[in-house]
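Results of the structural survey
Here is how the chains run, residue by residue.
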Amino acid sequence: MRAEMHRTAVVVRVIAYCTVLGLGLLQALATRHAMQSDGISYLDMGDAIVRGDWSMAINGYWSPLYPLILGLTLRVVHPSAYRSEEH
């Protein structure tokens, strides 16, 4: 009886994880071209951090960690302008 309850709990957990992952994937695909209002500022700060413009990069409003990650990622990946357009 206990093993059967454990097996049922595992099946429910797997179904829940798959459902959450599937819904997350759908949301990511539906909003892949969306940008929040702070997104451009974070990208600008990331560029400033990578080029060493510390007066632009450090301020009292935004945390510098996320722009640092964005700037380094963009430096490594070099996305094309085509990828940033909405199609």
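Residue numbers here run from 1 along each chain, matching the order of that chain's written sequence. Since the coordinates come from a predicted model, pLDDT governs what is reported: local features require at least 70, and pairs of side-chain atoms require 80 or more to be given and counted, while whole-chain, interface and lining totals use all residues. Derived side-chain values reflect all non-hydrogen atoms in the structure, with water molecules and hydrogen atoms excluded from consideration.

Take helix α2 (residues 39–51) next. Here α2 is 13 residues long and its end C-alpha atoms lie 19 Å apart, about the 18 Å a rise of 1.5 Å per residue gives. Within α2 the residues assigned to the buried category are Gly39, Tyr42, Met45, Gly46, Ala48 and Ile49. Residues are treated as being in contact if the distance between any of their heavy atoms lies within 4.5 Å. To qualify as a helix, a DSSP run of H or I must reach at least 4 residues; to qualify as a strand, a run of E must reach at least 2; elements of each kind are numbered from the N terminus. Where the residues of α2 are buried, they touch α3 (54–57) and α4 (65–77). Directly beyond the C-terminal end of α2, a positive phi value near 85 degrees is found at Gly52. Helix span, as expected, comes to 1.5 Å for every residue beyond the first. For every residue, the accessible area (1.4 Å probe, protein chains only) is compared with the maximum for its type, and the residue is labelled buried under 20%, exposed over 50%, or partly exposed between those bounds.

A rise of 1.5 Å per residue sets the reference length of helix α1 (residues 2–30), with its 29 residues, at 42 Å; its end C-alpha atoms lie 42 Å apart and thus fit the reference within 8%. Counting buried residues along α1, only zero of its 29 residues qualify, which leaves the element largely exposed.

What follows concerns the pattern of salt bridges. What makes a salt bridge here is a side-chain nitrogen of Lys or Arg within 4 Å of a carboxyl oxygen of Asp or Glu, nothing more. Per the stated rule, a full pass over the model turns up one salt bridge. The shortest N-O distance in the salt bridge between Asp53 and Arg51 comes to 3.5 Å. Residue classification places Asp53 among the partly exposed residues on the basis of a relative accessible area of 26%.

This brings us to a nonpolar patch on the surface. Note that patches include only residues with greater than 30% relative accessible area and no salt bridge, and the join distances are 9 Å for like charges and 5 Å for nonpolar side chains (Val, Leu, Ile, Met, Phe, Trp, Tyr). Per-residue and other accessible areas follow the Shrake-Rupley method at a 1.4 Å probe size, with only the shown protein chains counted as cover for residues. Nonpolar side chains collect at one region of the surface, where Leu65, Leu68, Ile69 and Leu72 lie side by side and expose about 360 Å² of accessible area between them. Residue position: Leu72 is located in helix α4.

Interaxial angles span 0 to 180 degrees and are taken between N-to-C directions of axes, which are lines fitted to C-alpha atoms, for helices over the stretch in contact. Between α2 and α4, the least distance of the axes is 7 Å, while the angle of their chain directions is 70 degrees. Between α2 and α4, the crossing angle belongs to the class labelled roughly perpendicular. In contact with Tyr42, Leu43, Met45, Gly46, Asp47, Ile49, Val50 and Arg51 of α2, α4 contributes Tyr66, Pro67, Leu68, Leu70, Gly71, Leu72, Leu74 and Arg75. Considering only residue class, the contact of α2 with α4 consists of 11 nonpolar, two polar and three charged. Throughout this description, any angle smaller than 35 degrees is read as roughly parallel, any larger than 145 degrees as roughly antiparallel, any in the 65 to 115 degree range as roughly perpendicular, and the remainder as oblique. The residue classification treats Ala, Val, Leu, Ile, Met, Phe, Trp, Tyr, Cys and Pro as nonpolar and Asp, Glu, Lys and Arg as charged. All others, Gly included, are polar.

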